[in-house]
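Coordinate analysis (summary)
As a plain string of letters, each chain reads:
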Amino acid sequence: MANAARKLDLIDVAPFSPADAAAMEARYAEVGTRDMLDDLLTGELKGRVAAVSSFGAESAVLLHLIAQIDRDIPVIFLNTQKIFGETLQYRDALSETLGFTDLRVFRPDPRLLAAKDATGLRWNYDPDGCCDLRKVEPLRRALAPFDAWVSGRKGFQAGTRDALPRFEEDEGRLKLNPLADWDKAALDAYFAEHHLPRHPLEAEGYASIGCAPCTSKVLPGEDPRAGRWRGWEKVECGIHVPEKPGEEPVF
Ligand code: SF4
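Heads up: these notes are all about the structure in this document. Because the structure is a prediction, the values reported are computed rather than measured.

1. Some thoughts on the overall build of the protein chain
Within the protein chain, the regular secondary structure consists of 9 helices and 6 strands. Scored against the burial criterion, the 251 residues of the protein chain give a buried share of 48%. Partitioning the intrachain contacts of the protein chain with sequence separation of at least 6 by distance along the chain shows that 69% fall at a separation of at least 24.

Structural data, given as structure tokens:
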């Protein structure tokens, strides 16, 4: 009986709480990004963590940092089936260059698509529902084996990401935002220092790159995510929960 109770504890208790995330934030407050990742990915989180990447405009920085530490860390890519062909090519080339051994591609459940987006046009009238089908549900499946995940979000990308913490709790998992306090200049410098390849659409004016129907070019002076879901109030996809009370969920 005692053994059965212990088994239940191990399975049912979420591995990380909001208090754990806050404690991590304090623990690593004075630690640089590379050292923090080194410590966590080779220590407490080894074997328990995956990186999630959109292989978008700035994804190469985080992926390069991780690859320097452990190329066997699973890298999850959500193929929403609305992705630019250029992103798929960039994903394959960058993964190869960085030497990742465990790229995992997750797609929407075809039964859900048939039931809820048979025309493939849901993005046009219900982008939140489309993101739920094509991003949120596949990510939930992808993260099932893990206690923690690494995201490439940056605080400077849009007003909604101001003061982004480096650690968050998300459905009982620890979510790391190692680039939370990196600005555009720091990212550009990292690209240059490490000779990282740019996403081919960046040169065409796409500052933040997601699904093709919901991504447009950014005009001078606009924030980098202004080209996402242009014309809608939506600013993220539901993978990332609101940063501030009352804010809409977003990706
Ligand atoms: S970004 Fe657009 S196309 Fe992609 S899942 Fe969301 S609503 Fe659908």
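2. Describing unusual backbone geometry
Its identity is not glycine, yet Phe55 carries a phi of approximately 50°, on the positive side. Within the secondary structure, Phe55 sits in the loop between strand 1 (49–52) and helix 4 (59–69). For Phe55, a relative accessible area of 0% gives the class buried. The backbone phi angle of His195 is positive, close to 55°, even though this residue is not glycine. Inspection of the secondary structure assignment puts His195 in the segment after helix 9 (184–193). Residue class for His195 comes out exposed when judged on its relative accessible area of 70%.

3. Remarks on the site of the ligand
Taken together, 10 residues lie around the ligand, and Pro127, Cys130, Cys131, Cys211 and Cys214 are the ones closest in. Tallying contributions element by element places helix 8 (residues 127–143) first for the shell around the ligand, with 5 residues. Looking at side-chain class alone, the shell around the ligand contains 7 nonpolar, no polar and 3 charged residues.

4. Focus on the environment of Leu94
Assignment of secondary structure puts Leu94 in helix 5 (residues 85–98). With 105 residues separating them in the primary sequence, Leu94 and His199 have C-alpha atoms 9.4 Å apart. In this structure Leu94 touches Phe55, Ala60, Leu63 and Pro197, once residues within four positions along its chain are discounted.

Rules used throughout
- Residues numbered from 1 in each chain as written.
- Predicted model: local features only at pLDDT ≥ 70, side-chain atom pairs only at ≥ 80, totals over all residues.
- Heavy atoms only, no water.
- Helix = DSSP H or I, 4+ residues; strand = E, 2+ residues; numbered from the N terminus.
- Buried < 20%, exposed > 50% of the residue type's maximum accessible area, 1.4 Å probe, protein only.
- Contact = heavy atoms within 4.5 Å.
- Near = heavy atom within 4 Å.
- Nonpolar A, V, L, I, M, F, W, Y, C, P; charged D, E, K, R; others polar.

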